[in-house]
Amino acid sequence: MAFELGDERVWPVLVVALLASACGSESPSDASAGAPGGSGATSGGGGGGGTAGSGSAGGLGGTGAGGAAGGAAGSGAAGGAGGTSGAGGTSGAGGGGGSGAIISAIASCTATGSACAALADGKAYASYRKDQFFADSVYNEYTDPPTAGGRFHVALTAATTGPVMGVLIDGFDTAGIATANKPPVDWYHVWPRTLKQGEPFFVQFHSRDAKWDGKTTGALKVTTSTGTAFDGTFPVAKTPVPITWVTTADDHKTLVIHLRNADSQPHTLTRLLVGQRDVTPFACIPQKTIAPGAAAMLTLPLCQPAKAGEAWTVVAEYQAAAAAVGVGRVLPEHFPIVTWNNTSDCPFPQAKTTNYDKHVAAGIDTLFLSGPKSDSGCTFDPGAVIASAAQSAKFQLMVSASTGLSTSIPDASGVAAFMTGDESDGQIYDSNGHSVAAAIAKEVDELWAKYPARPTYNGGKTNGNNGTFSGTDDIQGMDVYIGGCPPHITAWGGGTPPRMPFDYLKNTRNNHMALPTWLYAQGLSPVSAWKAQPTPAEIWVQALSVIAAGGKGFMWFQTNMEKAQSNPASWDAMSQVGRMLQGVRHHLLEGDLTGMAKSDDKTLVDAIRSRDAIVVPVIDIATSSGPSDVSCALVSTPWTFAATAPSVSVTVPDDFTVVDVFEVTTTAAHVADFKNHQVAGRVLTLSAVALDNARPARLFVLARTPGIRASVAAGMSY
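Everything numeric here is computed off the predicted structure, so don't read it as measured data.

**Q** Even after reading the chapter, I still don't get the sheet that holds strand E5 (residues 187-191), so can you show me in this structure?
**A** Pairing between sheet strands relies on hydrogen bonds along the backbone, with the strands arranged either parallel or antiparallel. The 4 strands lie next to each other as E1-E2-E7-E5, forming an open sheet whose pairing is antiparallel. Each edge of the sheet is formed by a strand with only one pairing partner; in this case those strands are strand E1 (125-130) and E5. Taken over all neighbouring pairs, the strand axes of this sheet differ in orientation by 10° on average, direction set aside. Alignment of E1 against strand E2 (residues 150-157), held across 6 bridges, turns out to be antiparallel.

Right under this line is the structure:
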């Protein structure tokens, strides 16, 4: 059977081994109503306090002391945002909504206690996530349904110090994983690779072995050069309240944790461990009981800033449910807008400067570098480009790891990510029966060792195999397109319906969470497999599908300059998308899907909640005409999106105050009022949102403070 995409019980929660970062010496949904789709999380609070009624931010908390409480409700505006905590200090609760607030918060949090709690008991915490995929009746791929096995996140405390020398997973010696014939473990990671006694570390792995579905515990042994770091068992359990996203914020000073109750019963959080330390008294937890289908956002002020490349582990324990466990590496706080540019366009400042300027003007800040190139009168030194990116505030690079460029980079700070492969999930095993994912994971281990502060990225193309590969890299990608009769991974006859990109992208997010996805949208490309370039409408629908699917980075395929010149309306649409992303990307990165936005079955929606904003994409997938595989054999017919006017209801988290509702637009002002909204309790409804082929996708923001509107507009002004 196929698991529904909305079933996020497949993923455990948090284990943030931000090492000692959380401890110091001071005291202190489906995004639519059609085919299935998962959802994210949310519900957080503010920090210490503003003056009552002022709406201004509060001052910093003192060293070792808690931040002040939030400002009282003002007349007509939200209370002040909580102040940032000082070293070892605790964030206070955010101010309540004023009498003019559209919806006022009814929950808040004031953290107390010490962030420097003693180490936990050293036991292993683990979560088991089943692979998410679509049944053949929805998308008929050639892949086999991945019903056996799944992915594990295991949070541990090292019993000894030294480099990791060996890992045995339920008796399988991972030293032979690269050459084994269809090994029982598809891939694994241990991080950090050099352990320190008493400090947290993690093991994550994927197995397609059916034995895991009948086990309650698994065996694990990790040895270092000086002894045994762990030798024991870990639980094999699926949680109904998974962690959907974990990130740092405020220059790595704050940890933001999202989770969502995918169960039909409420669940109560009893303990939160970060880096194997009990931080429950110190974290901002507005409500410990999470209602069915609800999302929650927790925040934790860190005693000292986390560092990119460090391990994080988070464990959320519940009163009557399996714990949620999530593990990963601290990544740079950046939502990139990436292009797989044509190398012959040379859009680098050291090469074709005009093309570089056009990309920057389109909101693109990350360029793909695959190696040295000399054609069309363009010659450049890739080393010089990498060095320039390290010094630039305008662009970064996605560097292909397979070209040898990653061998030796003196300053890799301009590398947004190393790409270890594209569409790598076509097969589980190579012709020799060796695990394809294990080879990728090995390359990732080498890149992590060489450039620990830089992320790795791998792209996919299937929904059936995607779960097996999710976790080999820091970041997972996916591409599916609908414009110009593109090739597709499904059987002939199914075509590429307008919601297909969203479904595949969201499935990728559900498999990879609580880790980030950078997701593709179709741009302009000279590839011969496309019969035509996508129309502006097709570009808008696919681009905002990245937002609705919870992407933490945006990627174009491609930005060909010749096609941009011959398709100016489509290039203009891409540029408008880039500008829009520049305005809201901070909230897209910090926030996560809540599944708390609803509309009809011809409209894709979700609500991405950050501390200060709820971003709501609204996408038309109703069509009046379009292509089929039969028609594409003769001529390319674009999708035409029908005129509709759906209403979109957004359930606002209890700890969130709404003081402003506006639309992010393509106008010169960048933002505009949207007055046609109504409130009933904690549900805000955007009524009669007009959509058609000229404007098939729109973007709205529910703001916690009045300044969000101006900050979004400022981000779009360049």
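Now that the structure has been shown, the text picks up again.
**Q** Is there a simple way to explain the pairing of strand E24 (residues 456-460) in this structure?
**A** Regular strands place their side chains on alternate faces of the sheet. Within E24, 5 of the 5 residues are buried, which leaves it mostly tucked inside the rest of the structure. Bridge count between strand E23 (residues 415-421) and E24: 3 bridges; the pairing is parallel. The residue bridging methionine 419 from the neighbouring strand is tyrosine 457, located in E24. What joins E23 to E24 is helix H3 (residues 436-450), and the crossover it makes is right-handed.

**Q** When you look at the state of the cysteines in this model, what are you seeing that I'm missing?
**A** Where two cysteines share a covalent bond between their sulfur atoms, that bond is called a disulfide. Throughout the structure, instances matching the rule amount to 2 disulfides. Paired by a disulfide, cysteine 109 and cysteine 284 hold their sulfur atoms 1.6 Å apart. A residue pair is termed long-range when its members are at least 10 positions apart, and cysteine 109 in the segment before E1 and cysteine 284 in the loop between strand E13 (277-278) and strand E14 (289-290) qualify at 175 residues. Sulfur-sulfur distance for the disulfide between cysteine 485 and cysteine 632 comes to 2.0 Å.

**Q** Sorry if this is basic, but what is going on with the environment of glycine 149 here?
**A** The topology assignment puts glycine 149 in the loop between E1 and E2. For glycine 149, a relative accessible area of 0% puts it in the buried group. C-alpha of glycine 149 to C-alpha of serine 207: the two residues are 58 residues apart in sequence and 5.4 Å apart in space. Among residues more than four places away in sequence, those in contact with glycine 149 are Tyr128, Lys130, Ser207, Arg208, Asp209, Ala210 and Asp213.

**Q** Help me out: how do you make sense of the nonpolar core in this one?
**A** Buried together is how nonpolar side chains tend to be arranged in soluble globular proteins. Membership of the largest hydrophobic core comes to 82 residues, with the highest contact counts inside it found for Leu397, Phe554, Trp556 and Val664. Counting residues in each nonpolar core, the second largest holds 28 residues, with Ala294, Ala296, Leu300 and Ala324 among its members.

**Q** Please explain unusual backbone geometry as it appears in this structure.
**A** For residues besides glycine, phi is generally negative; the peptide bonds are generally trans as well. The step from methionine 513 to alanine 514 runs through a cis peptide bond, and the omega angle for that step is 15°. In this fold, alanine 514 is placed in the loop between helix H5 (500-512) and strand E26 (518-524). Positive phi values are uncommon outside glycine, yet aspartate 251 reaches one of about 60°. You will see that cysteine 485, though not glycine, has its phi angle at about 55°, which is positive. Examined against the element boundaries, cysteine 485 turns out to sit in the loop between strand E25 (475-478) and H5.

**Q** I would appreciate a short explanation of the packing of helix H6 (residues 536-548) against helix H8 (residues 568-590) in the present structure.
**A** If you want to describe how two helices pack, look at the angle between their axes and the distance between the axes. Between H6 and H8, the shortest axis-to-axis distance is 9 Å and the interhelical angle comes to 15°. On the basis of the axis angle, H6 is roughly parallel to H8. For the pair H6 and H8, the sense of crossing is right-handed. Contacts between H6 and H8 involve Pro536, Ile539, Trp540, Ala543 and Ile547 from the first element and Ala569, Ser570, Ala573, Met574, Gln576, Val577, Met580, Leu581 and Leu588 from the second. Broken down by class, the residue content of the contact of H6 with H8 amounts to 12 nonpolar, 2 polar and no charged.

Here is what the cut-offs are and how they apply
Residues numbered from 1 in each chain as written. Predicted model: local features only at pLDDT ≥ 70, side-chain atom pairs only at ≥ 80, totals over all residues. Heavy atoms only, no water. Pairing = 2+ DSSP bridges. Helix = DSSP H or I, 4+ residues; strand = E, 2+ residues; numbered from the N terminus. Axes fitted to C-alpha atoms, helices over the stretch in contact; angles between N-to-C directions. Buried < 20%, exposed > 50% of the residue type's maximum accessible area, 1.4 Å probe, protein only. Right-handed = clockwise from strand over helix to strand, strands pointing away. Disulfide = S-S within 2.5 Å. Contact = heavy atoms within 4.5 Å. Core = buried A, V, L, I, M, F, W, Y, C linked by side-chain atoms within 4.5 Å. Parallel < 35°, antiparallel > 145°, perpendicular 65-115°, else oblique. Left-handed = near helix turned anticlockwise from the far one by under 90°. Nonpolar A, V, L, I, M, F, W, Y, C, P; charged D, E, K, R; others polar.

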